[in-house]
Amino acid sequence: MTRLSPRNALRRAAGLLAAAGLLAVVPLAGAAAPARADEPPVFTLGGPAETGLQPYRAGGGPKPSRLGITVTAPSGEEGTGFAGRFTLTFDLSGVAGFADVAFDGAASGAETSDGGASGAGASGGGTAPDCEVTGAKAVCVGTGVRPGTHPVAALVVTAAADGERGDSGTITVTGEAEGAAFTPFTTRVTVGGPDLVMEELPFRTELVPGDRQQAPITFANRGAGDAEGVLLTLRYTRGLDIPQRYSNCRYSEDDPGPSGVGRTTALCTVEGAFEAGEAYTLATPLTIEATERAYRDTFLYRIEEAGPPRPAPAAFERGDGAVLRAVPVTGPQNRAAGRTADPTPHDNQREADFRTENTADFAAYGDRVSGARGATVTADVGFRNVGPAWIGHLRSGEDVAVVDFTVPRGASVVAKPDRCRAVTAAGEYREDQRSPAPRYLCPTSPAVHDGEGLGLPFALRIEEFLIGAEGKVTVRAPSARNPALPFDPAPANNTARLVLNAGDDGDGGPSTPPTSDPGPDASPSGAPATSAPGGGAAGASGGSDSGTGSGHGGGLASTGSGALTVAGAAAVALTAGLALVAAARRRTGRHS
C-alpha cells in the first residue's frame, strides 16, 4: 500500500468487503455513452456517491472504509472495449487533513455480479493498475478496458488522528488515454456519518400458494452520526405480493413485459432522526404472501439514508394507504454491542429466496397451412404457459425451456425467428445456419410468465406437394438428455403437430392454442421471422402460385409423418383426368 500520510500506518483489515459486494449495492455513475465509429470511445468513471468514516479512536486505531471505483465501457453493438494504456488521476486535496487514503493493490480477485473480478486487480478486464500517491495526488496506470461495468481501483480511506466529526470533502477521479475519453467522477467523504445495517429476517422459505408471513423489517445505525430519514427499498418477484400500499412509498413494476421478470419495487421514505448506536423496526410488520403463481421467487430489502428529496420516477405511483413508520427496538437487542463498525454499504441489503410447491403447464401448439408447390406459407408454432405458476431461473440466468421444431417433409424453411438455431435431424450441432435445416431449436428467456409463452413464425417453402405432411413441435427442457420439465404435471400436451395441406377426411382445419394464441408480439422475445436461411422472407411468395396459412393446430396430437395417401393419390389422378377430358372437348369444339 502507498499511503497519503506516513503518520498513520494503514493495515488492511481482515474481512474487508470485496469490491464486488460493495459495487453491487451502491449507486454508480451512468452508463457510458455509445461512440460513433469515427469517434473515440467514452468511458464513465463511477462509484459510491458518498462514503462515511468512523472517527479516529485514540488507542484503537483507525477503522477503514473501502471506496471502489468503477469504469463503464459501451457494450453490445456500441462497444468493443479498449486495449490500450490509460491513466487515472485522483485529486485528494479535498480530504487532506482529516482523512488518509491508500490503494489496495492486492485485491482478492473475487467474482463480481457482472462476471468481473473485484479490487484493483480487475482494472476493467486488463492488467492491474499501478498506483502511486504523491502528496494530495494519486496516479494509477493500467491497460485494457472491456465492455460493461467493472472495478478499476480500490481505495481504503480512514479518518486521520486530528480529524473531527463532521469533516467532509471530495475525491475527484479523472482519466485519460490515447484514443479514448473518460467522464470524471466525484465522491464525497465525511467523518462521523451514519452506517445503516439491515438485519436478516428468519423467513420460512419452503411455501405453498397462499402462505403469508410477517416481515418485521429491522435495521440499526452502527455509525458515528445520526441519519436524518431513511429510504427503505423493497423488491420482489412475480410470485410474491405485499398487500399493503403505504402513502409514503412509491411503487413500480420494473419490467412487466413478457420478456422480463416482472419485479415490483417499492421505495419508501421514512422520516425521523435515526440515532447512532440504535436499532429500529417497522411499527407494523409487512406481510409477504406467496400468490397462486409463485414458484421460485426472491425478496430484496435494503436501507440507506434518505438524503435530499429525490424526484419521483415517472413509472412509480404513490400508495394510498397508511404511513409506513419505524420505531426504536426495545430490549437488549437495541444496542449493537460487540459489533465492529463497518461504514461500507455492503450490509445495507438482504435477500431471501423462496421455493413454492407449485406447477406450470407448458402446452405446445402447432398449425395447419396450405399451399401449392413453390408457394411460401407462414406457420405459427410455439407453446403457452397455462399456469398457474410463472417460471424463472433468476440466479442462474438459464433458459427455462426450448421449443424443438421438426420441419415437415416436402417443405423447407426460408425464414425463421432470430432466437432459433438450425440443427441436424438428430438434434446435433450444425455449422451451416443459413441453408434450410430439418430441425430447429428455439430457447426461451430465463423467465416465462403465467398466461404467456413463446410464438415462433416460420416461413416455409413448399418444395413438394404432399397431402397431410407433418412436422413436430415439442416444448422441453434445454437438455436433450433430460427433456422433462420438472414443474410440468401434464407432459402429454408438450408436443403438437404442424400439418401441411391437410386432407378433407377430418384431419384438417384450423384450431387454436390451449388458450388464446400469444403470437410473436405477446411472447417473450418472439421475434418475427426476419432471418432467412434460404434467402426468402416470411410470407413472401415462392412462385407464381401463392400459399395460404390457416389457424394454429394446438389440439393436434403427434401421430407420425404424413405421406401421399392412397385416397389422396386417387383424388389427384381423378383431377388430372378430368382436366384432360375438358381440354379434349375444347379442342373438339374448335374444330367442329
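Below or above, wherever it landed, is the structure these notes cover. Position labels on residues start from 1 in each chain and follow its written sequence. At least 70 in pLDDT is required for a residue's local features to be given in this predicted model, at least 80 for side-chain atom pairs to be given and counted, and no such filter applies to totals for whole chains, interfaces and linings, which use all residues. Where side-chain values are given, they derive from all heavy atoms of the structure, hydrogens and water being excluded.

Overview of the overall build of the protein chain
For step 1, the next point in the chain: Each helix is a run of H or I in the DSSP string that is no shorter than four residues. Each strand is a run of E no shorter than two, and both are numbered from the N terminus. When helices and strands are tallied, the protein chain shows two helices and 37 strands.
For step 2, the next point in the chain: Residue exposure (1.4 Å probe, protein chains only): buried if accessible area is under 20% of the type maximum, exposed if over 50%, otherwise partly exposed. Residue burial in the protein chain is summarised as follows: out of 592 residues, 48% are buried.
For step 3, the next point in the chain: Partitioning the intrachain contacts of the protein chain with sequence separation of at least 6 by distance along the chain shows that 82% fall at a separation of at least 24. Between two residues, a contact is recorded if the distance between any of their heavy atoms is within 4.5 Å.

Side note on a negative patch on the surface
For step 1, the next point in the chain: The patches described consist of residues with a relative accessible area above 30% and no salt bridge, like charges being joined within 9 Å and nonpolar side chains (Val, Leu, Ile, Met, Phe, Trp, Tyr) within 5 Å. Using a 1.4 Å probe, accessible areas were evaluated by the Shrake-Rupley method; residue-level cover was limited to the displayed protein chains. Put simply, a salt bridge is a Lys or Arg side-chain nitrogen that is within 4 Å of an Asp or Glu carboxyl oxygen. His is not counted here, nor are the chain ends, while Lys and Arg score as positive and Asp and Glu score as negative. Lysine's charge is taken at NZ, arginine's at CZ, aspartate's at CG and glutamate's at CD. Taken together, Glu 50, Asp 226, Glu 228, Glu 275 and Glu 305 make up a surface patch of like negative charges.
For step 2, the next point in the chain: Among the secondary structure elements, Glu 50 is positioned in strand E2 (residues 50-53).

What about the sheet that holds strand E20 (residues 279-282)?
For step 1, the next point in the chain: What the four strands build is an open sheet, ordered E12-E15-E20-E24; its pairing is antiparallel. A single partner strand is all that each edge strand has here, and the edge strands are strand E12 (196-198) and strand E24 (326-328). Each adjacent strand pair in this sheet contributes to an overall mean axis angle of 30°, direction not counted.
For step 2, the next point in the chain: Each pair of strands is called paired provided DSSP finds at least two bridges between the two strands. Relative to E20, strand E15 (residues 218-221) runs antiparallel, the two sharing three bridges. Residue pairing in the sheet places Phe 219 in a bridge with Tyr 280 of E20. Only the stretch in contact is used when fitting a helix axis, every axis being a line fitted to C-alpha atoms; angles between N-to-C directions are given from 0 to 180 degrees.

Comments concerning the pattern of salt bridges
For step 1, the next point in the chain: The final tally for this structure, using the stated rule, is 14 salt bridges.
For step 2, the next point in the chain: One salt bridge in this structure joins Asp 211 and Arg 204, with 3.8 Å as the shortest N-O distance.
For step 3, the next point in the chain: The residue Glu 463 makes a salt bridge to Arg 461 at a minimum N-O spacing of 3.4 Å.
For step 4, the next point in the chain: Given a relative accessible area of 35%, Glu 463 falls into the partly exposed group.
For step 5, the next point in the chain: According to the relative accessible area criterion, Arg 461 is partly exposed, its value standing at 26%.

Describing the state of the cysteines
For step 1, the next point in the chain: In this description, the term disulfide denotes a pair of cysteine sulfurs within 2.5 Å. For the coordinates displayed, the defined rule picks out three disulfides.
For step 2, the next point in the chain: With a sulfur-sulfur separation of 2.1 Å, Cys 131 is cross-linked through a disulfide to Cys 140. Disulfide Cys 131-Cys 140: the torsion about the S-S bond is 115°, which places it as right-handed. For the pair Cys 131 and Cys 140, a shared accessibility class is recorded, and that class is buried.
For step 3, the next point in the chain: Across the protein chain, the disulfide pattern expressed with sequentially numbered bonded cysteines is 1-2, 3-4, 5-6.

Considering the environment of Arg 421
For step 1, the next point in the chain: Mapping Arg 421 onto the fold places it in strand E31 (residues 421-423).
For step 2, the next point in the chain: Arg 421 sits in the partly exposed class, given a relative accessible area of 42%.
For step 3, the next point in the chain: Sequence separation between Arg 421 and Asp 432 is 11 residues; the distance between their C-alpha atoms is 9.7 Å.
For step 4, the next point in the chain: Once residues within four sequence positions are removed from consideration, Arg 421 is found in contact with Gln 433, Arg 439, Tyr 440 and Leu 441.

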